[in-house]
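Coordinates in review
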Amino acid sequence: MDLHRFLQYNNRVKKLLFLLICLIFPLFFIYGENEFIRDSIVTEEDNFPEDPQKTFRIDNRMFEIGLMNININLSNDFLTVGEIFRETLVLNINDLDKGLNIKLGAFISPFYINFNHHDNWGIGFSAALEAEGIIGISGNILSLSEAVNDKPDASGAVFAELRLGGFFHLQNFKIKINPALYYPLAYVRPDISYTFQNTNSGPIIYMSYDLRIYTGFPMENFPDNFSLTASPGFDFNFGLEYPLSAALGLQDKNKYLYFDVGLDFYNIPVVHSVIRNYIGASGALGDDEPLELFNSNTDWNSLFTYNEFTYATGGEKILRPFKMLAWIDWHPFGHIISIIPTLGFTVNNLYVRSVSPEAGLQIRLDMLNIFITTLAIGYHDRLWKNSIDLAFNSRAFEFNLGASFQSTDFVKSWTGGGFGLNMGIKLGW
């Protein structure tokens, strides 16, 4: 039983998690003004007094408004951008033996508001829209090779969310908690099966599908009969940061051994959402019994079944993808450079195989908190991603722009098998 199903049906865990939120959230304000807690925090300035950036470094904003933060991406492992825009498109059909994987995603946050009290505690609110679509077809299906009950990935989801979150310090720990209310707008995860076997009695050829496109509102007579019919879900992010090198006394021996460690959890489920309205269709090709090709009594019409699309209601329980990441933030030269390796896993029920690993490496160059560049390479959300992010910060205004090459295939992630783009604007002081 995977983590999602365990938390989905374990009512005791849900109650404990909800109680934990109720107990921890007031600590934003209890510990915010505690001078003992503030003085116990280890800062980079304490460990690098000779850092010339200390005097001139721009402080973080106390109040911040983010506008139109956007992240879009599209990737595949079959064609590169260069191949698509050639004068003559050449397709290597033999590459289909390896399968075909296509993925697209989008994240749009029209606004968010943050308040940061001298980096000791903070609170914020945001609204966002998130979409994900995936197609994963094995080489067995594309090349009509032998396989039994081969299930391709062909699914997608769209969510809207409202998130309230913040952070505070408890002793030397930085604690982050971000509860969210999310509403499913669309969800599709069809059940498709492919079987092809050669037997002594004849070949078995069978392909079936059961497709249901769920929406958070009735599609019949849309938009004249518009109403929201889904039930929202509730999950939260939780993170811990700790200055481990200071606790072990390593930086007292060598200042270049300064590093923090952290553990972040994303979309910890508490209450699943339920989406009810759907458009459904089903059908099959072939039979799960050996096909007698040369038998004149074979009823060929019975090998094709099809049920047309119909509007209906049901109940599909939905949880958003869960992710866990452990990381180390190493500062060998103070603020200037951060080297951040990450390792973890994701559980995403949109895939037939829900669990996948996560790993990556970031190098962050910080010039006076004015010009910030982040280079990254890693395997995230089942994609190899190579990215660069740039930020210009004048404290009153910050502009962020980033781009990435990405693909489910490592080689094509460097040669244009997909791309990503993100940007955002921050205002405040």
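For clarity, every value in this text was computed on a predicted model and none was experimentally measured. (Residues numbered from 1 in each chain as written. Predicted model: local features only at pLDDT ≥ 70, side-chain atom pairs only at ≥ 80, totals over all residues. Heavy atoms only, no water.)

Overview of the pattern of salt bridges
This structure, assessed with the given rule, holds 14 salt bridges. Measuring nitrogen to oxygen at the nearest pair gives 2.4 Å for the salt bridge that ties Arg-61 to Glu-398. Of this pair, Arg-61 sits in the loop between α6 (53-56) and β1 (63-76) while Glu-398 is found in strand β18 (residues 397-407), placing the two residues 337 residues apart along the sequence. Pair check on accessibility: Arg-61 and Glu-398 agree, each one buried. Salt-bridge contacts for Asp-366 lead to Arg-364; the nearest nitrogen and oxygen are separated by 3.5 Å. In the salt-bridge network here, residues are joined through shared partners; they are Arg-61, Glu-64, Glu-398 and Lys-426. (Salt bridge = Lys/Arg side-chain N within 4 Å of Asp/Glu carboxyl O. Helix = DSSP H or I, 4+ residues; strand = E, 2+ residues; numbered from the N terminus. Buried < 20%, exposed > 50% of the residue type's maximum accessible area, 1.4 Å probe, protein only.)

Section: the nonpolar core
Ala-157, Phe-159, Tyr-187, Tyr-214, Ile-275, Ile-318 and Leu-350 are the most contacted members of the largest nonpolar core, which has 14 residues in total. At the level of elements, β5 (153-170), β6 (173-188) and β11 (273-286) are the ones that each hand at least two residues to this core. Top element by residues in this core is β6. It accounts for three residues. When neighbours within four sequence positions are excluded, Ile-275 is seen to be in contact with Pro-184, Leu-185, Ala-186, Tyr-187, Tyr-214, Thr-215, Gly-216, Ala-230, Gly-315, Glu-316 and Ile-318. (Core = buried A, V, L, I, M, F, W, Y, C linked by side-chain atoms within 4.5 Å. Contact = heavy atoms within 4.5 Å.)

As for the pairing of strand β17 (residues 383-393)
In the sheet, strand β16 (residues 371-380) pairs with β17 via 10 bridges, with the strands oriented antiparallel. Among the inter-strand pairings, Ala-376 is bridged to a residue of β17, identified as Ser-387. Where β16 folds back on β17, the antiparallel hairpin that results is connected by two residues, among which Asp-381 adopts a positive phi of roughly 50°. Of the strand pairs in this sheet, β17 and β18 are connected by 10 bridges, and their pairing is antiparallel. For Phe-392, the partnering residue across the bridge sits in β18 and is Phe-399. With antiparallel pairing between neighbouring strands as the criterion, β17 and β18 make up a hairpin whose turn holds three residues, including Arg-395 at a positive phi of roughly 70°. (Pairing = 2+ DSSP bridges.)

A word on unusual backbone geometry
Look at Gln-171: it is not a glycine, yet its phi comes out positive at around 55°. Turning to its location among the elements, Gln-171 is positioned in the loop between β5 and β6. In this structure Gln-171 comes out as partly exposed when scored by relative accessible area, which is 42%. Notably, Arg-395 is not glycine yet its phi reads approximately 70°, a positive angle. Mapping Arg-395 onto the fold places it in the loop between β17 and β18.

A word on the confidence of the model for the protein
When pLDDT is averaged along the protein, the result is 84, and 82% of the positions lie at 70 or above. Ignoring residues within four places in sequence, the model shows residues 3-54, a span with pLDDT below 50, making 96 contacts including any to other chains. (pLDDT = per-residue confidence, 0-100.)

A closer look at the side chain of Asn-73
Within the secondary structure, Asn-73 sits in strand β1. Among the residues examined, Asn-73 registers a relative accessible area of 16% and is labelled buried. A polar contact is formed between the side chain of Asn-73 and the side chain of Gln-406, at a distance of 3.4 Å. In contact with Asn-73, other than residues within four places in its own chain, are Lys-103, Leu-104, Gly-105, Gln-406, Phe-419 and Gly-420. (Polar contact = N/O pair within 3.5 Å; in protein donor to acceptor, adjacent residues only side chain to side chain.)

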